[in-house]
Amino acid sequence: MPIKGIRSLCLHSKTPSLAAYSSSPSGPSVSFPTPRRFPVENFTDAMIQQIIDNAAVLVMKWNPDTSTYAKVTSLFYESKNEARQFIRCVTDLQSAMHYLVQEDPTSEKLVQAQSLMQVAMKRLQKEFYQILSMNRAHLDPESVSTRSRSSIASTRSSISDDDEDRGATTDDDVKFATDAILEVEQVSAIAMNDLKLIAECMITSGYSKECVHIYKIIRKSIIDEGMYKLGVERFSSSQIGKMDREVLDLRYKSWLNTVKISISTLFNGERILCDHVFSSSASIRESCFTDISREAATLLFGFPQVLVAVKSKKNSLDIFRLLDMYTAISENWPEIESIFGFESTAAVRSQALNSLIKLSESVLSLLSDFESMVQKDSSKSVPTGGGIHDLTLRAMNYLSLLTDYSNVLADIITDWPPPAKSSHPKSYFDSPVSDEAPAPAISARMAWLVLVLLCKLNDKAKHYKDVALSYLFLANNLQHVISKVRTSNLQYLLGEDWISKHEAKVRQFAANYEKLAWEEVLSSLPENPTAQICPEEARLIFRNFNFAFDEANRKQRTSVVPDPKLRDDIKVSVGQKLVPVYREFYEAHRMTVGGGRSGALYARIAPEDVGNHLSDLFFPPSSLSHRLSH
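Identification of the protein chain as Exocyst subunit Exo70 family protein from Pyrus ussuriensis x Pyrus communis is taken from an unreviewed UniProt entry. Here is the UniProt Function (unreviewed entry) comment for the protein chain, exactly as written: "Component of the exocyst complex." Per UniProt, the protein chain carries the Sequence similarities (unreviewed entry) text "Belongs to the EXO70 family."

Here it is as structure tokens:
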């Protein structure tokens, strides 16, 4: 069927306007009596002769072999009334012939009637062909209806948008566009009804083969041309394997667009037209639609299957494109089943289903590859300062983007066997399982993939020589995981309970970091900071604190905490443990160590300086901040 996206590309014939379509004849004027209806059982010789005479006048006027006027003019184009009379004459002629075959098969009138019937059928064949050819742009009822609504809305919108440029706009602009659209709808309805009238007449007259042959040739050419213009061609796996990545990308995008257009408009519109034109015969409806659409539809839905068969690494599609193609078919599956519901179009449904199966197998294979990639990552390099590992960034971006396809992934993963038991510590991260029922397969699988990542990060943390830094690394990376969960559909798959447990684990990692990184600074201060001590002891405590704080501050200057909240939480926590105790000791013993330069040498770090130093810590470099924001 002609469709909005390709209408201007595949339609070349001019179509008469509505006024011209319903105009009166411009050829020789002939007056025809209105044919009477003749019950078959009441036929008389006079009635039969009248039927033949009436038919002879009208049929011979439109005989293209004997009349130049009839050869270059369309009956249905010139006069609707005369066209209806022509159909009635043919119907009466058929009834008379049926009677004569039974009652007097050797009658000369039967020979006359048969001769006229052949001329009439030749005329109707010509009319049927002309209407199909001249109305290629109007024979898609759904597309016309959709175009009507969208065109009126877009017309109003464009007129409104252009008001400032074109000045004040009247309702005449919208009325003109609306009238034009309504005219297209009327022409479409008239053409469809004319085709139905001719088809029914030819079928009942025993000329269904000729009618169907014309219909199939013209309508199949429209389907095939439309698919070609939309970029659907037959490719082998070897041809696809040789394509450049850019070309393959274009093919993939073109296919996605074509599926939407072809199902909603091209094939659906053709089915509607077939059902209308051949409403009198279920077998003809099925035969026409099947022969017209089966080849193109099978080619369309077979493209993903050919694509995933390509083994070339150069042109292998990523999982997201496979999911896009799976979505394109699965979301339209009810329409595919409805449009191609005939037994003779079972191959189309089977091809679409096979493509879904192949796509799902490829998706599961790529998910397994991802899991294997994470597990086998053997790099011993770790980010400076306990920052976020590249593996964490890549893996969580991948998983969070995957969950944009949660609905189709749920279908694909449903029958995927659960992950095998492994050596991963069970207590490290639990899968999201409620007390009432096990989690959906997709939730369990996503939790498993996150677990695989976190266990790998746990192994990588061991590459830090500074144990405190290894805990900061774990806190940072787990915090990033949680952040990606909260800002993607992972939050719905894993649930709040999962998030809460992991946030507690972040706090535990952070606490371990604080204890190890700042333990010597805290232990350098006495348990009772205000207790009376001798000057020498006070000097020793100040000296130990200064050394421990300088050393800790020096080490932590390279430490990073990209997450602002976690960074503030760590600073506040360290500050609350350190600053109040040191302030009490500082204020109680600052004068004990002596005044002047000697005293300042020991009590050189003021409590405010501790807070200031802490506030400057843990900021990530700008390059990391940029990567985290993308």
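### Things to note about the nonpolar core
Ranked by internal contacts, the top residues of the largest apolar core, which has 175 residues, are F128, F278 and L367. Apart from the residues lying within four places of it in its own chain, the contact partners of F278 are F128, A199, I203, C211, V212, Y215, I284, R285 and C288.

### Overview of helix 26 (residues 607-615)
Turning to helix 26, its buried residues are P607, V610 and L614. Seen along its axis, helix 26 keeps its buried residues to an arc of 55 degrees; they face one direction. Those residues of helix 26 that are buried lie in contact with helix 22 (490-523), helix 23 (535-556) and helix 24 (564-589).

### Structural notes on the packing of aromatic side chains
Scanning the model with the defined rule gives 20 aromatic pairs in all. With a centroid separation of 6.3 Å and 40 degrees between ring planes, the pair formed by F128 and Y215 is classed as tilted. Of this pair, F128 sits in helix 7 (residues 108-134) while Y215 sits in helix 11 (residues 208-229), and the two are 87 residues apart along the sequence. By relative accessible area, which is 0% here, F128 ends up buried. What makes Y215 buried here is its relative accessible area of 0%. A centroid spacing of 4.5 Å and a plane angle of 20 degrees characterise the contact between F370 and Y398, whose relative ring orientation is stacked. Taken together, the residues span a long stretch of sequence, with F370 in helix 17 (residues 346-375) and Y398 in helix 18 (residues 390-402) at a distance of 28 residues. No difference in accessibility class separates F370 from Y398, as the two residues are buried. Feature note: the residues W518, F542, F545, F549, Y582, F585 and Y586 constitute an aromatic cluster, connected by ring pairs.

Criteria and cut-off values
- Residues numbered from 1 in each chain as written.
- Predicted model: local features only at pLDDT ≥ 70, side-chain atom pairs only at ≥ 80, totals over all residues.
- Heavy atoms only, no water.
- UniProt positions renumbered as here; feature names shortened; annotations may be inferred.
- Core = buried A, V, L, I, M, F, W, Y, C linked by side-chain atoms within 4.5 Å.
- Buried < 20%, exposed > 50% of the residue type's maximum accessible area, 1.4 Å probe, protein only.
- Contact = heavy atoms within 4.5 Å.
- Helix = DSSP H or I, 4+ residues; strand = E, 2+ residues; numbered from the N terminus.
- Arc of directions from axis to C-beta.
- Phe/Tyr/Trp six-rings, centres within 6.5 Å; stacked < 30°, edge-to-face > 60°.

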